[in-house]
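# Chain and residue survey
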Amino acid sequence: MHASPLAHHFENLEKQAHAARLGMWLFLATEILLFTVLFAAYALYRFLFPEAFALSSRALETWVGFVNTVVLVTSSFTVATGLNFAARGDGRKTGLWFGISVLLAIVFLGFKAYEYSHHFHTGQLPGRFYTFEGVKAPGAPMYFTLYFLITGLHGIHVVIGMTVLVVIGVLARKGRYTAAYHVPVELGALYWHLVDLIWIFVFPLIYLI
Amino acid sequence: MAEPVAHDEHTATHRSHMPVYLGVWVALLVLTVVTYAVAKVHLPGAWAVAVALVIASLKGALVALFFMHLWDQRGANRLVFLTSLVFVALLIGLVIADNATRFPLANPPGSQGALPAEGAVREPPAANVEQRDRP
């Protein structure tokens, strides 16, 4: 069954695409504000405990954050490339590039899992579970509370984004989208770029104090 | 005014964006290396976080404008994005302003600007904690 992608309450596909994009941007704005709450908490506690935050940040393995930034930025590029092929109506290549992006996301999560297990072993944990010997200062447990909240929420978004990329990549491969209509590919790509955008701020704030 | 914008957006879907995407990707990688290198220098005081945030904003702008196509899309999408940034600035700015101007006792113990506990000698936080842990 190949129903027209045009919903009956829209005059034409172009207007429908504009509405869809605007709706997606409104959603992305709420996502930005969701993360902003955590960044505000981070700003507050970094302001209150600058020493503890600097020491705790230096206890992290900076190279992991650096590599993950490179991986995520590259995945954003591969998603953009996938969209470029969708705009030309080449669904198979869209599927391929989205697949590469998902693999990069798995690499990202792999490094994150390596980091998390390291934190669990050394006791770099939130609140009263904090037993890390390396940094003993008031405020250090708060750093790791915010570390886990921010990277955890971001990690959830990576998983959601991967799911979106897999679904849309498979549909694109099956030839569901055309050069004239590929709005879902565009919106999925927007979501992934937001995940990248958030990480671009997480990297210097968490790892590079 | 609306006509040329709509026209741009229409033609944008037919043009290859690959040169732009490649350029942005390389720029993002270079800026990642730059921010990493600058952080290793440990600039004094507020400079480190200021430089880090400027570079991150630059990278974010590249992603939003070119990967997310705000550069060649309608005003409404840009307006939504910019409005969210206004609230980001308000939320973080006011939280910091609040705590920076508080009566010292209102800040949690051990934090910057808080008064030491009654009768306590002000010591570096690290030394304080180690003493408490000793049997």
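Residues numbered from 1 in each chain as written. Chains lettered and ligands numbered in written order. Predicted model: local features only at pLDDT ≥ 70, side-chain atom pairs only at ≥ 80, totals over all residues.

### Thoughts on the overall build of chain A
Looking only at helices and strands, chain A features six helices and zero strands. When the helices and strands of chain A are read in sequence order from the N terminus, they spell out α-α-α-α-α-α. By residue count, 47% of the 209 residues in chain A fall in the buried class. (Helix = DSSP H or I, 4+ residues; strand = E, 2+ residues; numbered from the N terminus. Buried ≥ 20, exposed ≤ 12 C-beta atoms within 10 Å, placed from the backbone.)

### Let's talk about the overall build of chain B
Scanning chain B from terminus to terminus reveals five helices and zero strands. Scanning chain B from its N terminus toward the C terminus, one meets helices and strands in the order α-α-α-α-α. When each of the 135 residues of chain B is scored for burial, the buried share is 18%.

### Remarks on the interface of chain A and chain B
Contact residues are listed per partner, giving 42 residues for chain A and 45 residues for chain B. Every element with two or more residues in the side of chain A that touches chain B is listed here: α1 (13-48), α2 (50-58), α3 (62-87) and α6 (183-207) of chain A. With 15 residues, the single largest contributor to the side of chain A that touches chain B is α1(A). Grouping the constituent residues of the side of chain A that touches chain B by class yields 29 nonpolar, nine polar and four charged. (Contact = placed C-beta atoms within 7 Å. Nonpolar A, V, L, I, M, F, W, Y, C, P; charged D, E, K, R; others polar.)

### What to know about the confidence of the model for chain B
In the predicted model, chain B carries a mean pLDDT of 79, and the fraction of residues at 70 or more is 73%. Contacts of residues 1-13 of chain B to residues separated by more than four positions or lying in other chains number eight contacts, the stretch itself having pLDDT below 50. (pLDDT = per-residue confidence, 0-100.)

### Quick word on the environment of A:Phe144
Residue and element names in this part refer to chain A. Tracing the chain through its elements places phenylalanine 144 in helix α5 (residues 140-173). Residue classification places phenylalanine 144 among the buried positions, given that 22 C-beta atoms sit within 10 Å. Distance from phenylalanine 144 to tyrosine 130, taken between C-alpha atoms, is 8.3 Å for residues 14 residues apart in sequence. Setting aside chain neighbours within four positions, we find phenylalanine 144 in contact with Ser56, Gln124, Leu125, Pro126 and Tyr130.

### What to know about the environment of A:Ala29
Inspection of the secondary structure puts A:Ala29 in helix α1. By the C-beta count within 10 Å, which is 21 here, A:Ala29 ends up buried. Sequence spacing of A:Ala29 and A:Ala80 is 51 residues, and the spatial spacing of their C-alpha atoms is 20 Å. If we skip the residues at most four places from it in the chain, A:Ala29 touches B:Val80, B:Phe81, B:Thr83 and B:Ser84.

### Concerning the packing of α1(A) against helix α4 (residues 75-100) of chain B
Two elements in contact, α1(A) and α4(B), have axes whose closest approach is 9 Å; the angle formed by their N-to-C orientations is 15°. With respect to each other, α1(A) and α4(B) are oriented roughly parallel. For the element pair α1(A) and α4(B), the recorded crossing hand is right-handed. Its residues assigned to classes, the contact of α1(A) with α4(B) shows 21 nonpolar, five polar and one charged. (Axes fitted to C-alpha atoms, helices over the stretch in contact; angles between N-to-C directions. Parallel < 35°, antiparallel > 145°, perpendicular 65-115°, else oblique. Left-handed = near helix turned anticlockwise from the far one by under 90°.)

### Remarks on the packing of α2(A) against α5(A)
A pair of packed helices is characterised by two quantities: the angle between their axes and the separation of those axes. All names here are of chain A. It is the contact of α2 with α5, at a shortest axis distance of 8 Å, that shows an interaxial angle of 60°. Taken as axis vectors, α2 and α5 run oblique relative to one another. Every pair of crossing elements has a handedness; the one defined by α2 and α5 is right-handed. Mapping the contact onto sequence places Ala52, Phe53, Leu55 and Ser56 in α2 and Ala140, Tyr143 and Phe144 in α5. Taken together, the residues of the contact of α2 with α5 sort by class into six nonpolar, one polar and no charged.

### Let's talk about the nonpolar core
By size, the foremost hydrophobic cluster in this structure holds 82 residues, and its most contacted members are A:Ala52, A:Tyr143, A:Leu165, A:Leu190 and A:Val202. Breaking this core down by element, the ones donating at least two residues are α1, α2, α3, α4 (91-122), α5 and α6 of chain A together with α2 (18-41) and α3 (47-67) of chain B. For this core, the element with the most residues is α6(A), which contributes 18 residues. Once residues lying within four places of it in the same chain are set aside, the contact partners of A:Val202 are A:Ile150, A:Thr151 and A:His154. (Core = buried A, V, L, I, M, F, W, Y, C linked by C-beta atoms within 7 Å.)

### A word on unusual backbone geometry
Residue and element names in this part refer to chain B. The phi torsion at histidine 42 lies on the positive side, around 55°, for a residue other than glycine. Inspection of the secondary structure assignment puts histidine 42 in the loop between α2 and α3. Positive phi, close to 65°, is recorded for histidine 69, a residue that is not glycine. Assignment of secondary structure puts histidine 69 in the loop between α3 and α4.

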